[in-house]
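Below are the chains, spelled out letter by letter.
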Amino acid sequence: MKEIPFFSKTALDWFEENQRQLPWRGETDPYKIWVSEIILQQTRVNQGWDYYERFIEKFPDVKSLSETPLQDVLHVWQGLGYYSRARNMQIAAQQIMQEYKGIFPCNYVEIRKLKGIGNYTAAAIASIAYKLPYPAVDGNVLRVITRIFGIYEDISQPKTVKNITMLCNQLMGNENPGDFNQALMELGAIQCTPKNPKCEICPFSNNCTAFTHNQIDILPIKSNKIKIKERFFHYFIFLKEQKTIIEQRRENDIWKNLYQFPLIELETDYQIITKKMLLNSGFGNIKPIFIKEVKHKLTHQHLSIRFYLVNNYFPKLQNNWLSISIDHLEKYPFPVVIHRVLNMMKQF
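Please read all numbers here as calculations on a predicted model, not as lab measurements.

Novice: What is the right way to look at the overall build of the protein in this model?
Specialist: Scanning the protein from N- to C-terminus turns up 14 helices and 7 strands. Taken over the C-alpha atoms alone, the protein extends approximately 75 × 50 × 35 Å along its principal axes. Across the 348 residues that make up the protein, the buried fraction comes to 48%. In the protein, once contacts between residues fewer than 6 apart in sequence are set aside, the share between residues at least 24 apart is 66%.

What follows is the structure, encoded as structure tokens:
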């Protein structure tokens, strides 16, 4: 492994001059740092910005988050996706209240014990809030380090991540670990990007293996490919006397604890809804009117979602069904793909 003189200083100098002004930038409150880091998992900064501000306004501290009904937490999170993040945050907040007397833990090991916090998030909080020398290695950092140092191991392998983490630990020093971590993350986010990186103005261009050997498109190496599951949802919007039916998703599946219209899920796109299916699902002998089809892509799943209107008819309510006024729909957290059709209901 080659050595790069003044690596830490170069990164810190670049960060001081080029960092973006973000609502959590410069924050030392571990709670707010934690919220920002969780929101930014699987979320772009420009999307997460408003959610962060709304979340902090609604839940300004651990206590308020721990005591709020989960439905309200999910409602604030609505549209961000990956709702397990919000569920885990509330569980972690309750852990802090019960096990740490409401005080956010101040060392890496204890932070790592909180629900939903992995190595990266624990290191980010520990280094930024408490100036502890733990490298926070995310996808941006992996890309920066593999390109600069010419690391050709597969970054999807835990051993590679461990080795890069050890290298970052050697590079960061003890002086300002929080800014060092943020510098590498920021460098990967706005300059050493996956495509079309700004190599010509990079402070490490003279020492970067990928740049000097024309291997920007090769590094980092990641061999595993995500397997996509196809799913086919059929939602039924029952309307009668300004009321509709919703149900809460309770299975350990996507959108857990969120609400939806009564659902029939089929195995293939070639199946059709039959009278027998409707009867077996408790929908009765209805005549649904097809409204629209929506394609919704998640990281590991592609959903084909069809919506049907059933006017002036209510089937017998099942255990998990709620009959509510359509004016109260906004009080419930829905997956964003369903939330988009709520305005349509007013037209019907």
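Moving on from the coordinates now.
Novice: Please explain the packing of aromatic side chains as it appears in this structure.
Specialist: For any pair of aromatic rings, the description consists of the separation of the ring centres together with the inter-plane angle of the planes. Tallied over the entire structure, the rule returns 21 aromatic pairs. Pairing F236 with Y308 gives two aromatic rings, centres 4.9 Å apart and planes at 15°, and the pair type is stacked. Here the residue F236 occupies a position in strand β1 (residues 229–239), and Y308 occupies one in strand β6 (residues 301–311), the gap between them amounting to 72 residues. A ring pair is formed by F238 and Y313, whose centres lie 6.4 Å apart and whose planes are at 45°; its orientation type is tilted. Of this pair, F238 sits in strand β1 while Y313 sits in the loop between β6 and β7 (321–325); the two residues are 75 residues apart in sequence, bridging distant segments of the chain. Judged by its relative accessible area of 0%, F238 falls in the buried class.

Novice: Is there a simple way to think about the packing of helix α2 (residues 30–39) against helix α3 (residues 45–58) in this case?
Specialist: Two quantities define a packed helix pair, namely the angle between the helix axes and the distance between the axes. Here α2 crosses α3 at 145°, and the two axes come no closer than 10 Å. By crossing handedness, the relation of α2 to α3 is classed as right-handed. Of α3, the residues touching α2 (which contributes Y31, K32, V35, S36 and I39) are G48, Y51, Y52, F55 and I56. Along the lines of polarity and charge, the residues of the contact of α2 with α3 split into 7 nonpolar, 2 polar and 1 charged.

Novice: I would appreciate a short explanation of unusual backbone geometry in the present structure.
Specialist: In the segment running from L219 into P220, the intervening peptide bond is cis, with an omega of 0°. Mapping P220 onto the fold places it in the loop between α12 (209–212) and β1. Although it is not a glycine, N196 sits at a positive phi angle of roughly 50°. Looking at where N196 falls in the secondary structure, it is placed in the loop between α11 (177–190) and α12. Even without a glycine there, the phi angle at N257 is positive, about 80°. N257 gets classed as buried once you look at its relative accessible area, which sits at 17%.

Novice: Any chance you could explain the sheet that holds β6 here in plain terms?
Specialist: What links the strands of a sheet is backbone hydrogen bonding, and the strands pair in either a parallel or an antiparallel sense. Ordered by their spatial adjacency, 4 strands build an open sheet running β4-β1-β6-β5, and the pairing between neighbours is mixed. The outermost strands of the open sheet, each flanked by one partner alone, are β4 (263–266) and β5 (289–297). With strand direction ignored, the average angle separating the axes of adjacent strands in the sheet is 20°. As paired elements, β5 and β6 share 8 bridges and run antiparallel to each other. Looking at the pairing, I289 lines up with L309 of β6.

Novice: Looking at this structure, how should I read the pairing of β6?
Specialist: Regular strands place their side chains on alternate faces of the sheet. Most of β6 sits out of view: 8 of its 11 residues are buried. Sheet topology note: the β1/β6 ladder contains 11 bridges and is parallel. Opposite L239, over in β6, you have N311 as the bridge partner. Linking β5 back to β6 in an antiparallel pair, the connection comprises 3 residues.

Novice: Can you walk me through the sheet that holds strand β2 (residues 243–248) in this structure?
Specialist: The sheet built from 3 strands is open, its strands ordered β3-β2-β7 with antiparallel pairing. Edge strands, defined here as strands with exactly one partner in the open sheet, are β3 (259–260) and β7. As judged from the 5 bridges shared by β2 and β7, these two strands associate in the antiparallel manner. The residue bridging I245 from the neighbouring strand is S323, located in β7.

The rules behind the values
- Residues numbered from 1 in each chain as written.
- Predicted model: local features only at pLDDT ≥ 70, side-chain atom pairs only at ≥ 80, totals over all residues.
- Heavy atoms only, no water.
- Helix = DSSP H or I, 4+ residues; strand = E, 2+ residues; numbered from the N terminus.
- Buried < 20%, exposed > 50% of the residue type's maximum accessible area, 1.4 Å probe, protein only.
- Contact = heavy atoms within 4.5 Å.
- Phe/Tyr/Trp six-rings, centres within 6.5 Å; stacked < 30°, edge-to-face > 60°.
- Axes fitted to C-alpha atoms, helices over the stretch in contact; angles between N-to-C directions.
- Left-handed = near helix turned anticlockwise from the far one by under 90°.
- Nonpolar A, V, L, I, M, F, W, Y, C, P; charged D, E, K, R; others polar.
- Pairing = 2+ DSSP bridges.

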